[in-house]
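# Chain and residue survey
Spelled out, the chains give:
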Amino acid sequence: MKFKHAIHTDTGNYRKSNQDYLDFCLNKQGDAFGIVCDGMGGHAHGEVASKIAVTKFIELFKKQDFTGLSQREVNKWLRASAKKFTTLWKNMPIVTLKP
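Residues numbered from 1 in each chain as written. Predicted model: local features only at pLDDT ≥ 70, side-chain atom pairs only at ≥ 80, totals over all residues. Heavy atoms only, no water.

What follows deals with the pattern of salt bridges. Enumeration according to the criterion identifies two salt bridges in this entry. Put simply, Glu59 and Lys56 hold a salt bridge, and the shortest N to O gap is 3.0 Å. A residue pair is termed a helical-turn pair when its members lie 3 or 4 positions apart in one helix, as Glu59 and Lys56 do in helix 1 (residues 46-63) at three residues. With relative accessibility at 31%, the residue Lys56 sits in the partly exposed group. Glu59 is the partner of Lys63 in a salt bridge, and the nearest nitrogen-oxygen pair spans 3.6 Å. Placement of the pair is Lys63 and Glu59 together in helix 1, with a separation of four residues, close to one helical turn. (Salt bridge = Lys/Arg side-chain N within 4 Å of Asp/Glu carboxyl O. Helix = DSSP H or I, 4+ residues; strand = E, 2+ residues; numbered from the N terminus. Buried < 20%, exposed > 50% of the residue type's maximum accessible area, 1.4 Å probe, protein only.)

So, in structure tokens, the structure goes:
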């Protein structure tokens, strides 16, 4: 399966800076992963926190082989991976696409 993706984020009407960060990748098996971290509502260094979170999830995803796993097992992996981080990121939206 081929994927086309685009990445765009915007500061919106109320913020002076954009703290959002997003990325997309494929692992060695061709599984796709898209992730968005929404920043921290204008708090100091929110752009750093969102970039670290996205980068770490991408790193973990690329190391994982999802071959033969059900969607439920993939979701379990995502939740277990998220628990490796702080609970401050518990509301981070995650989207996965498995061919």
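Alright, that's what it looks like, and here's the rest.
Our next topic: helix 1. Think of an α-helix as 3.6 residues a turn; residues three or four steps apart then line up on the same face. Taking 1.5 Å per residue as the helical rise, helix 1 with its 18 residues ought to reach 26 Å, and the 26 Å between its terminal C-alpha atoms agrees with that figure. If you check which residues of helix 1 are buried, you get Gly46, Ala49, Ser50, Ala53, Val54, Phe57, Ile58, Leu60 and Phe61. Buried residues of helix 1, seen end-on, are gathered within an arc of 165° and therefore sit on one face of the element. (Expected span 1.5 Å × (residues − 1). Arc of directions from axis to C-beta.)

In this sheet, strand 2 (residues 32-37) lies alongside strand 1 (residues 21-26) in antiparallel orientation, the contact comprising six bridges. Within the sheet, the bridge partner assigned to Cys25 lies in strand 2 and is Phe33. Between strand 1 and strand 2, which pair antiparallel one after the other, the connecting turn spans five residues, and Gly30 there sits at a positive phi close to 90°. (Pairing = 2+ DSSP bridges.)

A word on helix 2 (residues 71-83). For helix 2, spanning 13 residues, the distance from its first C-alpha to its last is 18 Å, which sits close to the expected 18 Å at 1.5 Å a residue. All of the buried residues along helix 2 are Val74, Trp77, Leu78 and Ser81. Projection of helix 2 onto a plane perpendicular to its axis shows the buried side chains occupying an angular sector of 100°, all on one side. The exposed residues of helix 2 that point more than 90 degrees off its buried face are Arg72, Lys76, Arg79 and Lys83.

Turning our attention to the packing of helix 1 against helix 2. Orientation of helix 1 relative to helix 2, taken along the N-to-C sense of each, is 135°, at an axis distance of 11 Å. Considered as vectors, helix 1 and helix 2 are oriented oblique to each other. Crossing of helix 1 against helix 2: the hand is right-handed. Contact residues: helix 1 offers Phe57, Leu60 and Phe61, while helix 2 offers Trp77, Leu78, Ser81 and Ala82. When its residues are assigned to classes, the contact of helix 1 with helix 2 shows six nonpolar, one polar and no charged. (Axes fitted to C-alpha atoms, helices over the stretch in contact; angles between N-to-C directions. Parallel < 35°, antiparallel > 145°, perpendicular 65-115°, else oblique. Left-handed = near helix turned anticlockwise from the far one by under 90°. Contact = heavy atoms within 4.5 Å. Nonpolar A, V, L, I, M, F, W, Y, C, P; charged D, E, K, R; others polar.)

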